[in-house]
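# Observations on the model geometry
Residue-level listing of the chains:
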Amino acid sequence: MNRYPPMKALLAFEASVRLGSFIRAAEFLHVTPGAVSQQIKKLEDELGVMLFLREIRKLTVTETGQKYYRLIQPALEQIRAAGETIRYAARHTLTLSMPPGLASKWFSPRMSDFVRTFPGLDLHLNATAALVSLEKDNVDLAVRYTDLSRTQPARVLLSDAPCRLFCHPAYATRLSLHSPADLKNAVLLHTTLYPYWDSWLEHYAGIASGGTPFTAGLHFDQFLLAIDAAVHQQGILIANDFLLEHELAQQTLIPLFPELTLHSGKGFYLLHNRHSADQAMISAVSDWFCHAFAHTAENT
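Just so it is clear, the model here is predicted, and its values are computed rather than measured. (Residues numbered from 1 in each chain as written. Predicted model: local features only at pLDDT ≥ 70, side-chain atom pairs only at ≥ 80, totals over all residues. Heavy atoms only, no water.)

Look at the UniProt record and you will see "domain: HTH lysR-type" (unreviewed entry) annotated at residues 5–62. Annotated as 62% helix and 14% strand, the span residues 5–62 places its first and last C-alpha atoms 19 Å apart. (UniProt positions renumbered as here; feature names shortened; annotations may be inferred. Helix = DSSP H or I, 4+ residues; strand = E, 2+ residues; numbered from the N terminus.)

Right under this line is the structure:
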């Protein structure tokens, strides 16, 4: 059976040899000289050899002790360096999770600013809409579209994400979409991110679910595909403005009935892992997200 000497004893021995004194070793290790002496005695008993010659006002390392020091010192240095490597990685690595649509349409155009703001940060971006356990999945921060009324610790509201209708301007012209009642001639693009067509139609068109036959809609489980369909004049999309910044700027999509907004009761939240190694870094990144979302809201 392999036996390992006690780590405290090894550290006491290494410090005593390097500093040449039990007293200075005790100061370095923040213990008493008696504790250092006890650890050295425990190590000598473990090895069955004398490591020091103890004389009045003098401490001499034996030849065996010097040999043992030369053998263990590189291993202890490797252990110390490994700890520094892990601590550095914990302080300079961020695992961020967000839905694919948000990652592609909102975060990607701002990634260069993020990198400039946090130079040297090793970012791991996990683009998924699936629920994550921050602690179990080792995620430091996650952006999720979730219920506004749901109470959860360590979360910050980024946007209450009011929804509007969007389509290609040529599509609106071709179908003469001037009022909500005209939607009976349109193709409705349904997404799992914004599944609010029934609510919108009932609220603004007075049409109960299933009350009026619509042209068969298109259903998407990937929001990015629904955006492409709307850009290619295949129907009307329910979305939030800041996920369509590029399309709105290029006028490949326009708000349809822009004054008619729907509050879904959900919003984009930033969720914090309270057990992440560097809470100061987490707080700084959180501030960046809050500022970036606020700036987006001011410009949409």
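Tracing the chain through its elements places A292 in helix α11 (residues 279–298). With 186 residues separating them in the primary sequence, A292 and W106 have C-alpha atoms 9.8 Å apart.

Here the focus is the packing of helix α2 (residues 22–29) against helix α3 (residues 33–47). Two elements in contact, α2 and α3, have axes whose closest approach is 8 Å; the angle formed by their N-to-C orientations is 105°. It follows that α2 is roughly perpendicular to α3 by the angle criterion. Listed contacts from α3 to F22, I23, A25 and A26 of α2 are P33, V36, S37 and I40. The residue makeup of the contact of α2 with α3, split by class, is 7 nonpolar, 1 polar and no charged. (Axes fitted to C-alpha atoms, helices over the stretch in contact; angles between N-to-C directions. Parallel < 35°, antiparallel > 145°, perpendicular 65-115°, else oblique. Contact = heavy atoms within 4.5 Å. Nonpolar A, V, L, I, M, F, W, Y, C, P; charged D, E, K, R; others polar.)

For helix α1 (residues 7–19), spanning 13 residues, the distance from its first C-alpha to its last is 18 Å, which sits close to the expected 18 Å at 1.5 Å a residue. Buried within α1 we find A9, L10, A12, F13, E14, A15, S16 and V17. (Expected span 1.5 Å × (residues − 1). Buried < 20%, exposed > 50% of the residue type's maximum accessible area, 1.4 Å probe, protein only.)

Take G65: it is sitting in helix α4 (residues 63–92). Sequence spacing of G65 and F52 is 13 residues, and the spatial spacing of their C-alpha atoms is 6.6 Å.

It is worth spelling out the sheet that holds strand β6 (residues 155–159) at this point. Pairing in this open sheet of 5 strands is mixed, and the strands run β4-β3-β5-β12-β6 from one edge to the other. Two strands in the sheet have a free side with no partner beyond their single neighbour: β4 (122–127) and β6. When the angles between neighbouring strand axes are averaged without regard to direction, this sheet yields 25°. (Pairing = 2+ DSSP bridges.)

A separate point is the packing of aromatic side chains. Scanning the model with the defined rule gives 22 aromatic pairs in all. Ring centres 6.2 Å apart and planes at 70° place the aromatic pair W106 and W288 in the edge-to-face group. A residue pair is termed long-range when its members are at least 10 positions apart, and W106 in helix α5 (residues 100–107) and W288 in helix α11 qualify at 182 residues. Cation over ring: R18 sits above F28, and NZ or CZ is 4.7 Å from the ring centre. Sitting above the plane of the Y269 ring, R155 keeps its charged end 3.6 Å from the centroid. (Phe/Tyr/Trp six-rings, centres within 6.5 Å; stacked < 30°, edge-to-face > 60°. Lys NZ or Arg CZ within 6 Å of the ring centre and 35° of its normal.)

Where helix α8 (residues 197–205) is concerned, the buried positions are W197, W200 and L201. The buried residues of α8 occupy one face: seen down the axis, they fall within an arc of 95°. Exposed residues on α8 whose side chains face more than 90 degrees from its buried face are E202 and H203. For α8, the elements touching its buried residues are β7 (164–167), β8 (187–191) and β10 (236–239). (Arc of directions from axis to C-beta.)

What the domain assignment reports for the chain is domain 1 (7–90), domain 2 (93–160 + 266–298) and domain 3 (163–256). Look at where the C-alpha atoms of domain 1 and domain 3 centre, and you get two points 72 Å apart. (Domains from an automatic or database assignment.)

Turning next to the pattern of salt bridges. For the structure shown, the criterion picks out 7 salt bridges. The closest approach of N and O atoms between K41 and D45, which form a salt bridge, is 3.0 Å. With K41 and D45 both in helix α3, this residue pair falls 4 residues apart, about one helical turn. We note a salt bridge from K105 to E247, for which the minimum N-O separation is 2.5 Å. Taken together, the residues K105 in helix α5 and E247 in helix α10 (residues 245–250) connect sequence positions 142 residues apart. Residue K105 is classed as buried on the basis of its relative accessible area of 17%. (Salt bridge = Lys/Arg side-chain N within 4 Å of Asp/Glu carboxyl O.)

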